[in-house]
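Fold and geometry: a report
Residue-level listing of the chains:
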Amino acid sequence: MNPVYRHFAVSALALAILSGCAATENAVSTPVAANQTPVSQAELVTPPVAAQPLTMKQIMANPDWMGIFARNPYWSDDASSVLFERQPSASALKSYYVQALDGEARELSLGELHQVSQRSGVLDKAKKRKAYIYQGNLFVKDLSTGEVAQMTRTNTAVDGVRFLDNGDLAFWQGNAVFRLHANGMVEQLADIRMSQAPKGVKAPEAYLAKEQAKLIQYVAAQHDKAKAREDYKKALADADTTMTAEPWYLGESEVVVELSLSADGRYVLVSLQDKSYQGRSEHDIMPNYLGKEGYVDAVPARARVAEDNPPGQRLVLIDLKDKQKHDISIEGLQGFDEDVLAAVKADNAKARGETYQSEKAPRKVQLMQDWGWSQSAIQWSDDGKLLVMLEAVDNKDRWIASVNLDSGKLTTEHRLHDDAWVNYDYNQFGWLEDGRFFFVSEETGYSQLYIKAPGKAASALTSGKFVVSDVTLSPDGKHLYYKANKDHPGVYNVYRVALADGKDEQLTHWEGTLDYSLSPDGKRLLLTASSRIQPEELYVQEIGGELKRLTHYTSEAFANYAWQAPNVVAVPSNHGAGVVYARVYLPEGYDAAKAEKYPAVIFNHGAGYLQNAHFGFSGYFREFMFHNLLAQQGYVVMDMDYRGSKGYGRDWRTAIYRQMGHPEVQDLKDGVAWMVKNAHVDSKRVGTYGGSYGGFLTFMALFREPELFQAGAALRPVTDWAHYNAPYTSNILNTPDVDPIAFERSSPIYHAEGLNKPLLIMSGVLDDNVFFQDSVRLVQRLIELEKPMFETAIYPVEPHGFREPSSWLDEYRRIYKLFEAELK
């Protein structure tokens, strides 16, 4: 499952890839922020009147008309400029730029890309040199002079690099680890081979072999010579320091998933996984009916959760100095053998008329698979200590454990358990300069920041009903910077907390959403920020200083249009959820006193675990424009952060555990009720639509609450969760073999008999995320149920996120036509 990013050159729906949620079956409540009370009818801001009405062809056109924006920005090494990329939506290639803080952007030539400041890299202990990998080769930059030296030029890509504590450089290619000495000598520190060790010369053991050696002198002599050569080779390796170290043979049944080297170059930690696990089988294919040769191409696709069976991983610690290997046992993890699914298994056994007897057994464990971070789950301190972050494959536990380098034993430093599932976000951790480490945890119900010394109790640096993310240690080691939505769930700013005294201070005062990067000298913030009608641009702010806009890539045509900034409202829940935040667009010329009430549409965002009712520019930029068009045509439009959405804490996230589509539909009911009461909406003229998870939710609303909406459109929708992928689905519903109740309760195909309103189903044939087969199976189910009120549209060349403007146009013309026919 890919992480979700906002990117104007790519379809927002493509990136809203069902990024899971989970929950208990108890009602949960999201509190209203201190400065945000529920918005009443009288407080709604009426929209501006546009001089020129929007057209469908314009808003679904190539999005470059909005501007070709700066993406993936980062600081130069000397903090004097910013680098970023731009890419027109129809182009296969990116262009790269550098912009001084007081100058204009300059496009970089291909020949200088290797020597400009790189986005990623590692610093030596003195922070005077930076090593980085470019196009598979290794480079070292002198930060004082800017001089760049290329260290490798090979066809075998360098996979990782680090400075050792004595200043030497270490790097690895595949399973081979090398050390580049100051004198230029390259030493191979480790040669890890996934095969059985050679048997060597052994004395005869079987009867016939013994007799042969005893009776035939030639055979005995050959054995003695071979043994002498073997002993000599071993003695030479032990005595001669110029010899390369012997290979490490770790067996032929596994493959290396990750490799990490200690700061002193003595230890290598490797994570291994069963090599037979491929994540798919031969029948996991997706047909492409428009193959370039004129045939139907069978495109490989991922496995379904119903068949996927991740094996977990195991850790091996190699001591290169003492030539010892430690197979690390998971017994040091608290709860490593707990039957955490006992209640779920008992529930399903009861449904079958059986009983379940719980038994303890070791669980499958792997390195933490956070979907948003760029760090490793293996963290070495500068003084040689080792932390690993592990997760249970059953999704119920996350551990931070220290590793004893003498024995290889694990000690649990922190355990985060969740009866639903541990989030695949908010898992940052790392060492501080004083021997403590920081980590982020949802244990209080909200992602917060903690520090801890190994073997000691943890202490919280932040607390409250807000979400902390994107933690950065300052260059001087005195502060931890972070992003949080303290003032309102939909408003994000940058903060920092002092490690010495815990002083917490707000650094930015942006009324929208943003991402940040701290400059290498710790003096400035680089911000990628947006507001409700302003797409993301780059800004720079001195710590404690004023905000300065760096880029101006929004087109005049877009910037000068009278866009409606959606009202962000707090919808009271009638189902125990507190309030549900939503965006509301009002019709032009909105009049709450007019005789005829308005039709309305509710948009269901994708991903499930995604936030859209915020004060920033929506990643669903086409939908933002479509909602403006609908408002111009007399519709009230709402898009809700239903339960399961991101940004509201653990309980909101996990409210859908084992019951996807149930709490969310309750929230949609409350959204309709709010619009009827506060926005002069006719409850009998409300429709709904959405893509990906939003398409799934459209199904669940129409199937399970058939009188709530008068029509619905489901785009690239999930119809049966057993056919979706394991990393996402097993979080929320466990797996079908363990928890079939959850899958049947949560999959629209089991509720299709409830359909009695017009439904439009639209899918891309080349969707390798939500397979086209999902729609095919539901269509056949509806046919067999003799449901005449649905129509379908297929898009032969489209993946999950549509790419062709003609496909977008066709899709949204059909949605608009449906609403005009059924709601007007």
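Here's a quick rundown of the structure. (Residues numbered from 1 in each chain as written. Predicted model: local features only at pLDDT ≥ 70, side-chain atom pairs only at ≥ 80, totals over all residues. Heavy atoms only, no water.)

1. Comments concerning unusual backbone geometry
Backbone geometry at Lys127 places phi at a positive 60 degrees, although glycine is not the residue there. Tracing the chain through its elements places Lys127 in the loop between strand 5 (122–123) and strand 6 (129–134). According to the relative accessible area criterion, Lys127 is partly exposed, its value standing at 42%. A positive phi angle, close to 55 degrees, is found at Asp470, a residue other than glycine. Mapped onto the elements of the fold, Asp470 is located in strand 29 (residues 468–473). (Helix = DSSP H or I, 4+ residues; strand = E, 2+ residues; numbered from the N terminus. Buried < 20%, exposed > 50% of the residue type's maximum accessible area, 1.4 Å probe, protein only.)

2. Some points on the side chain of Asn493
Turning to its location among the elements, Asn493 is positioned in strand 31 (residues 491–498). Not counting residues within four places of it along the chain, the set of residues in contact with Asn493 comprises Tyr482, Lys483, Ala484, Gln506, Thr508, His509, Trp510 and Leu514. (Contact = heavy atoms within 4.5 Å.)

3. Here's the deal with the sheet that holds strand 25 (residues 429–431)
One open sheet accounts for 4 strands, arranged 25-26-27-28; its pairing is antiparallel. The strands lining the two open edges of the sheet, one partner per strand, are strand 25 and strand 28 (459–460). Note that strand 25 and strand 26 (residues 437–441) share 3 bridges and pair antiparallel. Residue pairing in the sheet places Gly430 in a bridge with Phe438 of strand 26. (Pairing = 2+ DSSP bridges.)

4. Some points on the nonpolar core
In terms of nonpolar packing, the biggest core is built from 91 residues, with Leu449, Leu480, Met675 and Trp721 touching the most fellow members. Here this core gets 8 residues from one element, more than from any other, and that element is helix 10 (residues 693–704). For Leu480, the contacting residues outside a window of four places in its chain are Leu432, Phe438, Leu449, Ile451, Leu461, Val471, Thr472, Leu473, Tyr495, Arg496, Val497 and Leu499. (Core = buried A, V, L, I, M, F, W, Y, C linked by side-chain atoms within 4.5 Å.)

5. A few points about the pairing of strand 15 (residues 267–274)
Most of strand 15 sits out of view: 7 of its 8 residues are buried. Pairing between strand 14 (residues 254–261) and strand 15: 7 bridges, direction antiparallel. Bridged to Glu254 within strand 15 is Asp274. Linking strand 14 back to strand 15 in an antiparallel pair, the connection comprises 5 residues, with Gly265 at a positive phi of about 75 degrees. By the bridge criterion, 6 bridges tie strand 15 to strand 18 (residues 314–319) in an arrangement that is antiparallel. Residue pairing for strand 18: Ser271 is matched across the bridge by Leu315.

6. A short note on the pattern of salt bridges
Enumeration over the complete set of coordinates arrives at 50 salt bridges. In this structure, the salt-bridge partner of Asp124 is Arg129, at a minimum N-O distance of 3.2 Å. Note on Asp124: relative accessible area 10%, which makes it buried. As a salt-bridge pair, Glu542 and Arg524 come within 2.9 Å of each other at their nearest N and O atoms. Taken together, the positions of Glu542 in strand 35 (residues 537–542) and Arg524 in strand 34 (residues 524–530) put the pair 18 residues apart, joining distant regions of the chain. Residue classification places Glu542 among the partly exposed positions, given a relative accessible area of 37%. Through salt bridges with shared partners, a single ionic network connects Glu338, Arg363, Asp394, Asp397 and Arg415. (Salt bridge = Lys/Arg side-chain N within 4 Å of Asp/Glu carboxyl O.)

7. Some remarks on a negative patch on the surface
Taken together, the side chains of Asp165, Asp264, Asp382, Glu433 and Asp476 define an acidic patch exposed on the protein surface. Its place among the elements puts Asp264 in the loop between strand 14 and strand 15. The class for Asp264 is partly exposed, based on a relative accessible area of 34%. (Patch = residues over 30% accessible without salt bridge, like charges linked within 9 Å, V, L, I, M, F, W, Y side chains within 5 Å. Areas by Shrake-Rupley, 256 points an atom, 1.4 Å probe, with all protein chains shown as cover. Lys, Arg positive; Asp, Glu negative; His and termini not counted. Charge placed at Lys NZ, Arg CZ, Asp CG, Glu CD.)

8. Topic: the pairing of strand 18
In terms of burial, strand 18 is a largely internal element, 5 of the 6 residues being buried. Strand direction decides the pairing type here: strand 18 and strand 19 (residues 324–328), joined by 5 bridges, are antiparallel. Bridging from a neighbouring strand, Val316 pairs with Asp327 of strand 19. The loop that links strand 18 with its antiparallel partner strand 19 comprises 4 residues; one of these, Lys323, has a positive phi angle of about 55 degrees.

9. Considerations on empty space enclosed by the protein
If you walk through the whole model with that rule in mind, you get 2 cavities of 30 Å³ or more. The computed volume of the second largest cavity comes to approximately 40 Å³. Lining the second largest cavity, in full, are Pro47, Pro48, Ala562, Gln564, Glu588, Asn628, Ala631 and Gln632. Residue classes in the lining of the second largest cavity are distributed as 4 nonpolar, 3 polar and 1 charged. (1 Å grid on protein atoms, 1.4 Å probe; cavity = no way out; pocket = protein on both sides within 12 Å on 5 of 7 lines; lining within 4 Å. Points joined across faces, edges and corners; volume = space filled by probe spheres on them. Nonpolar A, V, L, I, M, F, W, Y, C, P; charged D, E, K, R; others polar.)

10. Things to note about helix 14 (residues 805–823)
Structurally, the α-helix is built with 3.6 residues per turn, so residues lying three or four positions apart point the same way. Its 19 residues place the ends of helix 14 26 Å apart at the C-alpha level, agreeing with the 27 Å of an ideal helix rising 1.5 Å per residue. Among the residues of helix 14, those classed as buried are Ser807, Trp808, Leu809, Glu811, Tyr812, Ile815, Tyr816, Leu818, Phe819 and Leu823. (Expected span 1.5 Å × (residues − 1).)

11. Looking at the sheet that holds strand 37 (residues 567–572)
Two orientations exist for strands paired in a sheet by backbone hydrogen bonds: parallel and antiparallel. Here we have 8 strands laid out as an open sheet, ordered 37-38-40-39-41-42-43-44, and mixed in their pairing. Only two strands of the sheet have a single partner each, and these edge strands are strand 37 and strand 44 (790–795). Across this sheet, the average inter-strand angle for adjacent strands is 25 degrees, counted without regard to direction. Across 4 bridges, the pairing between strand 38 (residues 579–585) and strand 40 (residues 636–640) is antiparallel. The residue of strand 40 that forms the bridge with Tyr585 is Val637. Its contacts with the sheet place helix 14 against strand 39 (598–604), strand 41 (681–691), strand 42 (711–715), strand 43 (759–764) and strand 44, and it is angled at close to 165 degrees to strand 42. (Axes fitted to C-alpha atoms, helices over the stretch in contact; angles between N-to-C directions.)

12. What about the packing of aromatic side chains?
Summed over all chains, the structure comprises 40 aromatic pairs. Judged by centre distance (5.8 Å) and plane angle (90 degrees), the rings of Phe626 and Tyr689 are edge-to-face. Placement of the pair is Phe626 in helix 7 (residues 621–632) and Tyr689 in strand 41, with a sequence separation of 63 residues. Since its relative accessible area comes to 0%, Phe626 is described here as buried. Measuring from ring centre to ring centre gives 5.4 Å for Phe699 and Phe703, while their planes differ by 15 degrees; the resulting arrangement is stacked. One end of the pair is Phe699 and the other is Phe703, both in helix 10 and 4 residues apart, which spans about a single turn. Residue classification places Phe699 among the buried positions, given a relative accessible area of 0%. When its relative accessible area of 3% is taken as the criterion, Phe703 is described as buried. Sitting above the plane of the Tyr492 ring, Lys483 keeps its charged end 5.5 Å from the centroid. (Phe/Tyr/Trp six-rings, centres within 6.5 Å; stacked < 30°, edge-to-face > 60°. Lys NZ or Arg CZ within 6 Å of the ring centre and 35° of its normal.)

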